[in-house]
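Coordinate analysis (summary)
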Amino acid sequence: MRAWFACTGAELLARDPADTVGRLASAQQARGFAGSPDQGMAWQAQVAALRDAVASCAGEAWTVALEFDLLRLEKRIDAVLLTDRAILCLEFKTAAPTRAALAEAEDYALDLRDFHAGSRNHAIVPVLVAERTGFAPPAQPWLLPKHPTDPLVCGAADLSTLVRWVQAALPAPEAPLDGQAWLAAAYQPVPTIIEAATMLYARNGVQEIARARADAANLTRTADALAAHIGAARAQGRRRVVFVTGIPGAGKTLCGLNAVFGPAREDGAAFLTGNVPLVAVLRAALARDAVARGECDRREAERRVRERLQNVHRFLEDYATQPGRLPAERLIVFDEAQRAWDEAKSRAGTQNKRSRLTMSEPAHTLEIMGRRAGWSVVVALIGNGQEINTGEAGLAEWGRVIAATAGWDAVAAPRVLRAADPVQRLAAPDAGWLALDEALDLTVPMRSVQEQAGARWVDAVLEGDAGAARRIAAGAAALPFLLTRDLAAARMALRHLARGQRRAGLVASAGARRLRAEGLGVQLPEVAEWFLQCWPDVRGSDALETFATEYDCQGLELDVVGLGWGGDFIRRGGQWLCRRFVGDDWHLLRNADRIRYTRNKYRVLLTRARYETVIWVPRGSPAGDPFHDRTRPAAEMDAIADHLLACGARPLDPAAADLVFAVFRRQQQERFLPGLAKLGLDRLPHAVASAQYHYLSNRIGGVAVEFMPESDRKAWIRYAPPRWIWHGTAICGIPGEVSRAMLRGWHAQNGVSLGNPRLGFVCTGQVAEGDAALQGYYLEHDRDLAPEERLRFTRGEQPPPFDPAAAPQLDTTEWPAERLRRAHRSYAMEYLRTAIPAAIDLWGAAEATALLGLALKQVGMQWHAELAAAAGIAGRGAADFAGLLAAVAAAQGDRVTAQGADHVAQASWALMRGLTPHPAAFACWQPLWEGLLAAHDPRLELAVERRLDRGEGGFAWRIRPRRAAIAV
């Protein structure tokens, strides 16, 4: 159990608080931590607040976990309160709330969501309990709360009030929280490379890191295989090269660090890399941590860290120039070994330093590590598709050197024999010095925490295979690649996505020389500070002021990445072209190696994020601009953006999709089960009942739908064009993602509502994507479905013919014409009734007012002519508009209490009946009437004189001449 102490609410109330505090102190001592009077007093206050909350909320059946360990963060959650509805992560502070404290509480909740198996499918609420702070619930009640929710703040005295509010605000979960199961659930984090290195160095290796997530057994297998091969070489006195291959982000560096900082460090071990930024960042991080832990002073910490993390070129030069010197290490890890220098590059060195090497780096490595008698191991980490420089020898040189050097053998995964590029092929299949072990190949991406399809999608994109990329994207729950054409929007999105203490940063290719003309032209000055400092330190990556290149960030990672796409890698004629900026213009690259390096640069940059990557493709310079810049033509940038969208990158502006999902999710929760009973469908097989519900309920709303049952376990529905919800040509502006959001919000949830985990929906066509209809079928599978399997997309399968005569009919005695008319009106109004609070909850009051206000104003202007004709109003005066406004209000079911030549008043708000609207709801709704008036007569304006939502007895508007603008 990860908690130092846990019990039920009843046990917490029955136990002497001093005994609970004593148990925490004992657990602290057992773990080697020093106690203090301040800590004891803090625990006393926390236990008292928790006892009060449990007692006042009748939480005897709840579970309380104190000091819950979080390996990834090297911290502990002060308390976790498991109610029957939510997981409350409580962080107690004796000071007033701060931004940093809120981020810390939120980060604990995010950590549980991502890495604790018992938390993923339950509501998680981060709570900051700060002294001398009351509790003010959010102004907008949670409609569809985030996962986890935004942090809540209260004082210890108000914790019980906060808990009661959470219990009332959250719906009952699909499956009840089981405290004991939650405590026993696996916590399997995937730390960042910096976090992992820090823990490994401090603890001499951490088995929990190697074991990572339950769904990434590949990493566990490879770590175990690597340890076994090192152990065998030691036991047999052998000299061996162990090749660990893998896709980007699969955990190669983690395996290497675990080998160096684990038991092998006692025999002498070092991690060698030519990646200067990686060395700088890890050295700085480990030294700071050692000082913070009180292990030694900074100078000694830096000396120790330098022994373990070394620059491979300096390591080889140091020993190559001293032929008789024995290496201190028996084990070295050669990072990105496929990028080791060939002989020509070794002799030439770099622009800044002439080399003293005389052979290839693989040859020098084996010569140096073979000097000591007994065993030696070189762990060669091989990153596929990440060669980004000339002079890189590849695996073939390693194979040549091993075969030519007596006393050395090797072990590797079969992948090393199958590379299409001969430079990356280690040896012939019959090489006697090579043993094969499939376990040494890492094929499961670990860097991306939430979506494992990212690496395959990147490969397809860079190969120009839009069809394959699109299929990968369609099969992903939420492809973590978003596209925008606006740098400011990219920065805003990065700040929004980097919740808690997650780190964001901007990256760009070193060859993207013309991004500076688009507003991104400052490369990071100091890599260690960029990766380790946090806002408000402007040197940190999350200041979003400077960018890292592929050379700065290879081998490192960020939680959220903004990638600026440059003119060095463009689309033309249906293929990728690679360019180099020389002088004042671009020049095409024709050398095959340089083209490969450029492509791999973008592979590196596209795989740096653990969560989302926001791709910014600048708009470029329009051809008709008087100051047109030929080095960044808009047409080239448009072609890149079009290709990425065709590959399935999600537009950054998913506001419409998010809103549609929220609207349909809420409607499904409120309407589906009562509707089944009202329509007499609640006793039918679930697949049939779900499809028939859509058929009948949409007919009530005046929407044409077809219903075709195939069996008790499979039933089709088909929404033929024209789509009612996307009126007229509006369908042309609806992305497929928005149409999918409707299905995710409703159709994918019916099995959940029915308590049938085997029921899912299969969509076989969408009008928004050019198919003949929005169609699909409910299918009851033979097994329980995972959440991401409840909605699947398989284009091409066609439904059986629709037979109207055989379709179910509404009972006309139950549904007379007048009832249908009212239902039709309510059907349309329900969308707006749901959309307003959903938008406020999703985006906040200001943004919701701006977005919905604009949309509703446009709707009012567009529909004025049709509404006026329906109301029989032909005039354009103020009195005519008052008549129109009154007619629309009456049609909505509102009671109009006054109507004059220039005013209208109503005493009800049918749209929000039964709700407690947010103060911003009126501001979202009012532009509908302003738009209606703008189309009626733009010289008039609508003044609000009374507001029902403010307790003023009703709404009252006055129509008056628009006041002239004041010239300035």
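See the structure shown above.
Residues numbered from 1 in each chain as written. Predicted model: local features only at pLDDT ≥ 70, side-chain atom pairs only at ≥ 80, totals over all residues. Heavy atoms only, no water.

1. Some thoughts on the overall build of the protein
Along the protein, the regular secondary structure elements total 31 helices and 32 strands. Relative to a compact globule of 968 residues, whose C-alpha radius of gyration would be 30 Å, the protein shows 32 Å and is just as compact. For the protein, the C-alpha atoms occupy an extent of roughly 105 × 75 × 70 Å along the three principal directions. Put simply, the protein has 968 residues, and 55% of those count as buried. Pairs at least 24 apart in sequence give 72% of the contacts found in the protein among residues at least 6 apart. (Helix = DSSP H or I, 4+ residues; strand = E, 2+ residues; numbered from the N terminus. Rg over C-alpha atoms; globule rule 2.2 N^0.38 Å. Buried < 20%, exposed > 50% of the residue type's maximum accessible area, 1.4 Å probe, protein only. Contact = heavy atoms within 4.5 Å.)

2. A short note on the pattern of salt bridges
Tallying each qualifying case throughout the model produces 58 salt bridges. With its nearest N and O atoms 2.8 Å apart, the salt bridge here joins arginine 666 to glutamate 670. Taken as a pair, arginine 666 and glutamate 670 lie in helix α24 (residues 655-678) at a separation of four residues, close to a single helical turn. For glutamate 670, a relative accessible area of 36% gives the class partly exposed. Through salt bridges with shared partners, a single ionic network connects Asp289, Arg293, Glu295, Glu300, Arg303, Arg304 and Glu307. (Salt bridge = Lys/Arg side-chain N within 4 Å of Asp/Glu carboxyl O.)

3. Observations concerning the sheet that holds strand β21 (residues 585-588)
Spatial ordering of the open sheet is given by β19-β20-β21, a layout of three strands whose pairing is antiparallel. The sheet is open, and its two borders are formed by β19 (569-572) and β21, each paired with just one other strand. Sheet twist, expressed as the mean angle between neighbouring strand axes with direction ignored, is 50°. Across four bridges, β19 lies against strand β20 (residues 575-582) in antiparallel orientation. Of the residues in β20, the one forming a bridge with phenylalanine 569 is cysteine 578. Contacts between helix α23 (residues 634-646) and the sheet are confined to β19 and β20, with β19 contributing the most and set at about 85° to the helix. (Pairing = 2+ DSSP bridges. Axes fitted to C-alpha atoms, helices over the stretch in contact; angles between N-to-C directions.)

4. Some details on the side chain of glutamate 361
Within the fold, glutamate 361 resides in helix α15 (residues 361-369). Within the buried core, glutamate 361 has no salt-bridge partner, and the shortest N-O distance to an opposite charge, that of arginine 314, equals 7.0 Å. Residue contacts for glutamate 361: discarding those within four places in its chain leaves His313, Leu316, Phe334, Ala340, Trp341 and Ser346. (Lys, Arg positive; Asp, Glu negative; His and termini not counted.)

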